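# Observations on the three-dimensional arrangement
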Amino acid sequence: MADLRNNFVGIKSPNPFWLASAPPTDKAYNVERAFKAGWGGVVWKTLGEEGPPVVNVNGPRYGAIWGADRRLLGLNNIELITDRDLYTNLREMKQVKMNWPDRALIASIMVPCEEQAWKSILPLVEETGADGIELNFGCPHGMSERGMGSAVGQVPEYIEMVVRWCKQYTRMPVITKLTPNITDIRRPARAAKAGGTDAVSLINTINSIVSVDLDNFAPNPTVGGKGSHGGYCGPAVKPIALNMVAEIARDPETYGLPISGIGGITTWRDAAEFLVLGAGNVQVCTAAMTYGFKIVDEMISGLSDWMDEKGHRTLDDITGRAVPNVTDWQYLNLNYIAKAKIDQDACIKCGRCHIACEDTSHQAITNVVNGLRHFEVIEEECVGCNLCVNVCPVENCITMEPLAAGTLDKRTGRVVDPNYANWTTHPNNPMARQAAE
C-alpha cells in the first residue's frame, strides 16, 4: 500500500491533505472534527494583530457559479480574516496541537506591513506549538484596502522584506502565501525565496464579481443593496492554479522551492495533478465547504489506489514528475501530426462535433454521407485541433491518433517528418530569419 506520509519543510503529517486557511479552520471545534475525519493538517484561519478583532458583514458573504446540474463550480467570498479574539484563537490552537501531535497545524498570519507588528505576534504564535506559519499575502478584498493581504503580495519588495522579518524573529518554518492577482507569479515567488522563505503556497483567491442581481442592479452577494468584489475559488480556478504552480516549479530561479498547492482541489485526481506539477502537498477549502470534511476519505483512498496501480511507493516518487514536460509554446514539436478519429459504434449521432468544426473550426467533419446522417473526419481538412474531442458528450468516442513518421499527411500533402522541429528555427519565424542572417 502506498505510503502517503508527508514531510513538508520538516512539517510532518500522515497524508498530504491539509485544510486551507478559511472558515472551516476558524475554531478548535472545526479543526478537531477535521482531524477526526482524517485530514493531515490545517492552516488555522488567518490571525490578525492584538486589539479589536476585524468586523465581518452580517449578511451574505458568498456568491456562486453553478454548472448545469447545480454543481458548484466557483465560489466568491467577501469574508475577512478571523473575527475572533487573537488570544482565544491562540489558546485553542495550543490545545488542539497538544491533542493531535501527529497532525500539522499552521498559523496563517496577516498584520500591518510594519516590522514591530510581525515581531510582536510571532512569539505568541510560536508559544502555541504550531508547526509553522503561513504569511497571508493573498487576500484580495477588505484587508487589501488596509494595506495588507494582496496589497503586500503584489509588491515583491514588500514580500521579501516581511519574509526577512519573520525568518529573523521566529524558529518556525515560514510558508509565503502568494496572490494570483498579479501579472507574473514568478516575481513574488522569487522575492519570497530571496527573503529566505521555507516554502510558498498558492493560489489564494482571484479578484472577482461572479454575478449581478438584475432586479437590484448590484453585484452578488448583495449586502443592503450594494455589492463588492471578492475572492474567487473552487474548481473553476484550478487551471489557473496549476499553471502558476508549474511556473514556479520550472523557473530556474525558484526551482526546488517547496510548494503547497491550492486552488479548486476537489478529488484525489486534482491533488495528484498538483503534486506531479511540483507541489509537496495540497490545501483544500471550497470542496470541504461544499461537501463536508469526509471528502478527505475519497482523496486518501483514491490517491493511494492510483499510486499502488502505477507502482509509486511514496509521495516523493510522484512529486514534480510532470515538471520536465511543461514547456513554452515555441518549443513544441511542429512535426508532430495527429488526426481526430470517430468511433462509429460509440457515436450517438448528436452532431455536436460537426457543428463545432463546421461553424468555428475547419469544416473537417461530415454530417451526411450517402444521404444518411453520419459523422466522419475528413482527413484532408483535419488540423488535429481536438475541438471535437472536447465538445463530444461521449467519453472516448473521438480520439486523437498520431500519424506515424513516414506516412502522408493528406491535408498538407507532405510526409510526416520523424525529426523534432520547433518555432525557434522555423523559416516563418522572423526572429529565426534574423539570427540566420
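Basis of the calculations
Residues numbered from 1 in each chain as written. Predicted model: local features only at pLDDT ≥ 70, side-chain atom pairs only at ≥ 80, totals over all residues. Heavy atoms only, no water. UniProt positions renumbered as here; feature names shortened; annotations may be inferred. Axes fitted to C-alpha atoms, helices over the stretch in contact; angles between N-to-C directions. Helix = DSSP H or I, 4+ residues; strand = E, 2+ residues; numbered from the N terminus. Parallel < 35°, antiparallel > 145°, perpendicular 65-115°, else oblique. Contact = heavy atoms within 4.5 Å. Nonpolar A, V, L, I, M, F, W, Y, C, P; charged D, E, K, R; others polar. Left-handed = near helix turned anticlockwise from the far one by under 90°. Salt bridge = Lys/Arg side-chain N within 4 Å of Asp/Glu carboxyl O. Buried < 20%, exposed > 50% of the residue type's maximum accessible area, 1.4 Å probe, protein only.

As recorded in an unreviewed UniProt entry, the protein goes by the name dihydrouracil dehydrogenase (NAD(+)), listed as coming from Rhizobium sophoriradicis. Taken from UniProt, the Sequence similarities (unreviewed entry) comment for the protein reads in full: "Belongs to the dihydropyrimidine dehydrogenase family." Entered under Function (unreviewed entry) in the UniProt record, the comment concerning the protein runs "Involved in pyrimidine base degradation. Catalyzes physiologically the reduction of uracil to 5,6-dihydrouracil (DHU) by using NADH as a specific cosubstrate. It also catalyzes the reverse reaction and the reduction of thymine to 5,6-dihydrothymine (DHT)."

Geometrically, a packed helix pair is captured by the angle between its two axes and the distance between the axes. Between helix α2 (residues 86-99) and helix α3 (residues 115-126), the shortest axis-to-axis distance is 9 Å and the interhelical angle comes to 30 degrees. Comparing the axis directions of α2 and α3 gives the class roughly parallel. Taking contact as the criterion, the partners of Leu86, Tyr87 and Leu90 in α2 are, on α3, Ile121, Leu124 and Val125. Its residues assigned to classes, the contact of α2 with α3 comprises six nonpolar, no polar and no charged.

Moving on: the packing of helix α8 (residues 268-276) against helix α10 (residues 295-310). Look at α8 against α10: their axes get within 8 Å of each other, and the N-to-C directions meet at 60 degrees. Here α8 is positioned oblique relative to α10, judged by the angle of their axes. Handedness of the α8/α10 crossing: right-handed. In this structure, α8 uses Trp268, Ala272 and Leu275 to contact α10, whose residues at the interface are Glu298, Met299, Gly302, Leu303 and Trp306.

Another aspect to go through is the pattern of salt bridges. Pairs may arise between side chains of opposite charge once their charged atoms sit close together. Applying the stated criterion to the full structure yields 21 salt bridges. The partner of Glu273 in a salt bridge is Lys238, with the nearest N and O atoms 2.7 Å apart. With Glu273 in helix α8 and Lys238 in helix α7 (residues 238-250), this pair connects stretches of sequence that are 35 residues apart. A salt bridge links Asp409 to Lys339; the nearest nitrogen and oxygen atoms lie 3.0 Å apart. In this pair, Asp409 is assigned in strand β21 (residues 408-409) and Lys339 in strand β17 (residues 338-342), connecting sequence segments 70 residues apart. The same class applies to Asp409 and to Lys339, which are both buried. If you follow the salt bridges from partner to partner, you end up with Lys45, Arg61 and Glu79 in one network.

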